[in-house]
Amino acid sequence: MFSSALVGVILAVGGVLGAAVPAASLDACKARDDRTAQVARCTEVIRSGAYRGTDLAVAYYNRGRAREVLGDRDSAIRDYDAAVQTDPGLAAVYLYRGAAYARRGDLALAAADFTRALEIDPYIAQAYYSRARANWALGMHARAIEDCDRTLRLEPGNAAAYFLRGMNQYRLEQYPAAVESFGQAIRFDPGHARAYNERAWILYQLGRYAEALADARQAITHLPGAAPAIDTHAHVLAALGRRDEALAEFERAIDAGGTSFVRMYQRALAAHGHFDGEVDGVYGPAVRGALSACIAAGCRLLP
């Protein structure tokens, strides 16, 4: 989903670009009431030969948007390509093609398109945020933080941008800064369960267990049954010496997370020297005993 401000920019661009075109066909191409019908209408406009330049690019762009909504991403990207070739000056086309690339996993191409959109219009907050997400996935955390900062200069209340900045700061071991970013995410979105959980985990790692416990409980309150939040809560309880409660929470995390969580714990317990069985995702007496021993020894189960 793109921000309402960006949508306004896109609609405004479409309106201006379409002003010189007879309303009938191109306006029908831009109508989004029925996406399948929109593809047909835009195809008629494109094939008519009556449109050139920006008007034709707008038709390709709108057909691409409709095709993407219908799940035909590759065809959508081809339409965005045609739009760019017809008129390389439309920021919205690069923005949506970049988003399509990102969803397809082509993150470098996505980041390049977001950059091109910003070269045309440096005030699109969503482009900075989208590029930050691409850079996060590419492991380029410093660049991602810079783009989150740019997003926040344009949208100071953007909780998602604060959260993403915190995640990148955490990866760079900038723990106090990450705690602050997650706090801002919570300030602007008080129900942000992941922000509570990530902040709880950092506070736990910093030895600030009482604060971590409060945040872990908030995460569970806002997202009941979330295995990562329950796991964080279990770790904090273990650090506080509340062994029985910790074991019960680890088992609750296993119930919520299933075999993937069991395997994660089996590997961690093996690394701590408490488990030498098969990593098979089965929670039985051997794993339970190893988990109890790890809690009693005060080992930190996960890094």
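A. Main features of the overall build of the chain. Scanning the chain from terminus to terminus reveals 17 helices and zero strands. Overall, the chain is about 75 × 40 × 30 Å in size when its C-alpha atoms are taken along their principal axes. Expressed as a percentage of its 303 residues, the buried residues of the chain come to 49%. Residue pairs in contact within the chain that sit at least 24 positions apart in sequence constitute 49% of those at least 6 positions apart.

B. Molecular detail of helix 6 (residues 91-104). The end-to-end C-alpha separation of helix 6 is 20 Å, in line with the 20 Å expected for 14 residues at 1.5 Å each. Counting buried residues in helix 6 gives 11 out of 14 residues, a clear majority hidden from the surface. When we look at burial in helix 6, the residues that qualify are Ala91, Ala92, Val93, Tyr94, Leu95, Tyr96, Arg97, Gly98, Ala99, Ala100 and Tyr101.

C. Geometry of the pattern of salt bridges. Per the stated rule, a full pass over the model turns up 18 salt bridges. For Lys30, the salt bridge is made with Asp27, and the minimal N-O distance between the two is 3.9 Å. Taken together, the residues Lys30 and Asp27, both in helix 2 (residues 23-30) and three residues apart, mark about one turn of the helix. Classification of Asp27 by relative accessible area gives partly exposed; the value is 37%. One salt bridge in this structure joins Arg104 and Asp74, with 3.3 Å as the shortest N-O distance. On the criterion of sequence distance, the pair formed by Arg104 in helix 6 and Asp74 in helix 5 (residues 73-86) is long-range, its members being 30 residues apart. Overlapping salt bridges bring together Arg63, Arg67 and Asp79 as one network.

D. Structural context of the environment of Ala226. Tracing the backbone through its elements, the reader meets Ala226 in the loop between helix 13 (209-222) and helix 14 (227-239). Sequence-wise, Ala226 and Arg252 are 26 residues apart; in three dimensions their C-alpha atoms are separated by 9.8 Å.

E. The side chain of Asp79, seen in detail. If you trace the backbone, Asp79 turns up in helix 5. For Asp79, a relative accessible area of 3% translates into the label buried. Of the polar contacts made by the side chain of Asp79, one reaches the side chain of Arg63; its length is 2.8 Å. If we skip the residues at most four places from it in the chain, Asp79 touches Tyr60, Arg63, Gly64 and Arg67.

F. Local environment of the nonpolar core. The biggest cluster of nonpolar side chains holds 52 residues, and the ones touching the most others in it are Phe182, Phe250, Tyr265, Leu269, Leu291 and Leu301. When residues no more than four places from it in sequence are discounted, the contact partners of Leu269 are His274, Phe275, Val287, Ala290, Leu291, Cys294 and Leu301. Membership of the second largest hydrophobic core comes to 34 residues, among which are Leu26, Ala91, Ala110 and Ala127.

G. Molecular detail of the packing of aromatic side chains. Tallied over the entire structure, the rule returns nine aromatic pairs. Centroid distance Tyr170 to Tyr175: 5.7 Å. Interplanar angle 50°. Geometry classified as tilted. Judged by relative accessible area, which is 23%, Tyr175 ranks as partly exposed. A ring pair is formed by Phe250 and Tyr265, whose centres lie 5.5 Å apart and whose planes are at 85°; its orientation type is edge-to-face. Separated by 15 residues along the polypeptide, Phe250 in helix 15 (residues 243-257) and Tyr265 in helix 16 (residues 259-271) bring together distant segments of the chain. Each member of the pair, Phe250 together with Tyr265, is buried. Clustering of aromatic rings is evident, with ring pairs tying together Tyr61, Tyr80 and Tyr96.

H. Spotlight on helix 17 (residues 285-297). Spanning 13 residues, helix 17 covers 18 Å between terminal C-alpha atoms, matching the ideal 18 Å at 1.5 Å per step. For helix 17, the full list of buried residues reads Val287, Ala290, Leu291, Cys294 and Ile295. For helix 17, the angular spread of the buried residues around the axis is 135°, confining them to a single face. Exposed side of helix 17, more than 90 degrees from the buried face: Pro285, Ala286 and Ala297 are the residues found there. Check the buried side of helix 17 and you find it contacts helix 14, helix 15 and helix 16. Two residues or fewer after helix 17 comes Gly298, characterised by a positive phi angle close to 75°.

About the criteria used
Residues numbered from 1 in each chain as written. Predicted model: local features only at pLDDT ≥ 70, side-chain atom pairs only at ≥ 80, totals over all residues. Heavy atoms only, no water. Helix = DSSP H or I, 4+ residues; strand = E, 2+ residues; numbered from the N terminus. Buried < 20%, exposed > 50% of the residue type's maximum accessible area, 1.4 Å probe, protein only. Contact = heavy atoms within 4.5 Å. Expected span 1.5 Å × (residues − 1). Salt bridge = Lys/Arg side-chain N within 4 Å of Asp/Glu carboxyl O. Polar contact = N/O pair within 3.5 Å; in protein donor to acceptor, adjacent residues only side chain to side chain. Core = buried A, V, L, I, M, F, W, Y, C linked by side-chain atoms within 4.5 Å. Phe/Tyr/Trp six-rings, centres within 6.5 Å; stacked < 30°, edge-to-face > 60°. Arc of directions from axis to C-beta.

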